[in-house]
Amino acid sequence: QVSDTLAKEGPSSPSYDWFQTDSLVTIVIYTKQKDINLDSVIVDHQDDSFRAETIIKDYSYIIHMGLSHEIQEDFSVRVVENVGKIEIVLKKKENTSWKRLGHPLENHNLLIPKKDTGLYYRKCQLISKEGVTHDTKLFCLMLPPSTHLQVPVGQHVYLKLTITGTEIVKPYTPVSDFLLSEFKEPVLLNNKYIYFLIKIYPAGLFTPELDHLHIGDFVSVSNPEGNFKISQFQELEDLFLLAAGTGFTPMVKILNYALTNIPGLRKVKLMFFNKTEDDIIWRSQLEKLAFKDKRFDIEFVLSAPTSEWNGKRGYISPALLSQFLKRSLDNSRVLICICGPTPFTEQGIRLLHDLNFSKDEIHSFTA
Ligand code: FAD
Ligand code: NAD
C-alpha cells in the first residue's frame, strides 16, 4: 500500500500481522529496522479507535483501526530490538474468537513522512502541581491506561487546552524527576507520568489557564516531536549545556541520559543563565549533583543580580563562553546544547561559530 515514491525515498515499508488466543489479541509490527525501542512506538485506544504509530527515522508507520470487538483498557507493548519487532498484546473483554481484527481507519497500514501525520492527542489528568521558583511550577500529568507513550530525550510535546471556546496549543519539554529522586519515594508506574517545568506568565495566553487547572482536570498531550537524536551522543567525551530560564528543560533528561549512558564521557558542564537567584530552577539539586558526580560542573550566570551576588554576571558573551568551553583533551569529541529565549540562542550560536565549533558540535533547541 506504500506508494512507489515513498518506498524509494524512505525506509522499506513495515508490515503487520495479528494472532489470538482465547483471551488475548497480539498485533505484531515488523519494522525491518534494528534501532527501535519502546520510545519508537506510540499506542492509543480511544473512542473505539486503535492507533499505533511507529517512528522510523523521519517516517511514521501507522496501524489505525476500529477493532471488531471490545478490549480491556490496559495493554502491553514489547519490543524485540534485534529483529525490529513490536508486539502489542490486547486483552479481550470477552473470550470469543475474532474473525477479523477490525476495519481500517485514516492512514492505516501506511508509511508516511512524520511531518504529514498531524498532531495526535490524548487527554491526560493533572496529578500534581508544585511550586519550584516564584513563577515556575512542576506539573505532573498522567497518561490514560489505554496509551503507551514515552517522550524521547531532547523532544517536546504540545499541550492543548480549550480557552473560551478556542483550542490553544503550546510546546513544552518534559523533564525527568531524577534530580528530585533522592527526596521522593520512587514512584511505581513511572512511565505513566509526564513531568513538566513550566513558567507561568501572568499576561500570557496559555500558562495562566494551565495554572488555574485543578488536580484531576484534563489537558491534551500530543505525540513527541523534535530533531534531537540520541546518536549525537555517540562517543561523546565533553558535553556543554547552555541554558537560559526555562531553556533548562531539555537539559534535564540530557543530563540524566549522559551521566548514565555514555561510557566514555569525561565532563558535563552546565552554564545556566537567569535574571536573579530567585529564578534559578532546582539550584540546590544541581549543586548536590555536582558535588556527587565529579564529571558534572555547574556555573550560574545572572543578568540582573543583587549586589550580593559573587558569581558570574551578564548575558551570554565571548568572554564567558571561551572560558567555559574548555575541552578536557585537545581533540575530545564535544557536543554543545543550547536553549533559551530566541535572542539568547541566536547570539549563542553566532558566538560558538566564532569560537570555531562546527555545526555538528552544536545542537540548538528551537520551535
Ligand atoms: P504568551 O502569550 O506567549 O506570552 C509570554 C510572555 O510574553 C508574557 O509575559 C506576555 O505578556 C508577553 N508577550 C506576549 N506577546 C507579546 C508581544 N507581542 N509583545 C511583548 N510581549 C508579549 N516553556 C516552559 O515554561 N517550559 C517548557 O518546558 C517549555 N518548552 C518549550 C519547548 C519548545 C520547543 C518551545 C518552542 C517553547 C517551550 N516553552 C516552554 C515555551 C512555551 O511554549 C510558551 O511559549 C510559554 O509557556 C508562554 O506561553 P503563554 O501562552 O503563557 O504566554
Ligand atoms: P528569562 O526572561 O527569565 O531570561 C533568562 C535569561 O535569558 C536571562 O537572564 C538572559 O541571560 C537570557 N536572555 C534573555 N533575553 C536575552 C537577550 N535578548 N539576549 C541575550 N540573552 C537573553 O527567560 P524565560 O522567561 O525563562 O524564557 C525562556 C525561553 O526559553 C522562552 O522563550 C521559551 O520559549 C524558551 N524555551 C525554548 C525551548 C525549546 O525551544 N525547546 C524549551 C524551553 C524553553
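Please read all numbers here as calculations on a predicted model, not as lab measurements.

Observations regarding the site of ligand 2
- Neighbouring ligand 2 are 20 residues; K199, Y201, T246, N274 and S303 lie closest to it.
- A distance of 2.8 Å separates an oxygen atom of ligand 2 from a polar atom in the side chain of S303.
- When the free accessible area of ligand 2 is taken as 880 Å², the share hidden by the protein chains comes to 76%.
- Within the residue set of the shell around ligand 2, elements represented by two or more residues are strand 19 (267–274) and helix 6 (342–354).

A few points about the confidence of the model for the protein chain
- Per-residue pLDDT for the protein chain averages 93, and the proportion of residues at 70 or more is 95%.
- Every residue in residues 1–7 is under pLDDT 50, and counting partners more than four places away or in other chains gives ten contacts.

A look at the pairing of strand 7 (residues 85–92)
- Where strand 2 (residues 24–30) meets strand 7, seven bridges bridge the pair, whose relative direction is antiparallel. When the sheet's bridge partners are listed, Y30 is paired in strand 7 with K85.
- As paired strands, strand 6 (residues 71–80) and strand 7 are joined by seven bridges and run antiparallel to one another. Pairing of R78 across the sheet is with E87, part of strand 7.

Looking at unusual backbone geometry
- Located in the positive-phi region is N107, a residue other than glycine, with phi close to 65°.
- With respect to the helices and strands, N107 occurs in the loop between strand 8 (102–104) and strand 9 (110–113).
- A positive phi is found at E235, a non-glycine position, where the angle reads about 55°.
- Mapped onto the fold, E235 is located in the loop between strand 17 (218–222) and strand 18 (238–244).

So, the site of ligand 1
- Around ligand 1, the surrounding shell holds 18 residues, and the nearest of these are P171, Y172, L197, F206 and T207.
- Note that an oxygen atom of ligand 1 is positioned 2.7 Å from one of the backbone N or O atoms of P171.
- Within the side chain of T249, one N or O atom sits 3.2 Å away from an oxygen atom of ligand 1.
- Surface burial for ligand 1 is 59%, taken as the share of its 960 Å² of free accessible area covered by protein chains.
- Across the shell around ligand 1, the residue classes tally to nine nonpolar, seven polar and two charged.

What counts as what
Residues numbered from 1 in each chain as written. Chains lettered and ligands numbered in written order. Predicted model: local features only at pLDDT ≥ 70, side-chain atom pairs only at ≥ 80, totals over all residues. Heavy atoms only, no water. Near = heavy atom within 4 Å. Polar contact = N/O pair within 3.5 Å; in protein donor to acceptor, adjacent residues only side chain to side chain. Areas by Shrake-Rupley, 256 points an atom, 1.4 Å probe, with all protein chains shown as cover. Helix = DSSP H or I, 4+ residues; strand = E, 2+ residues; numbered from the N terminus. pLDDT = per-residue confidence, 0-100. Contact = heavy atoms within 4.5 Å. Pairing = 2+ DSSP bridges. Nonpolar A, V, L, I, M, F, W, Y, C, P; charged D, E, K, R; others polar.

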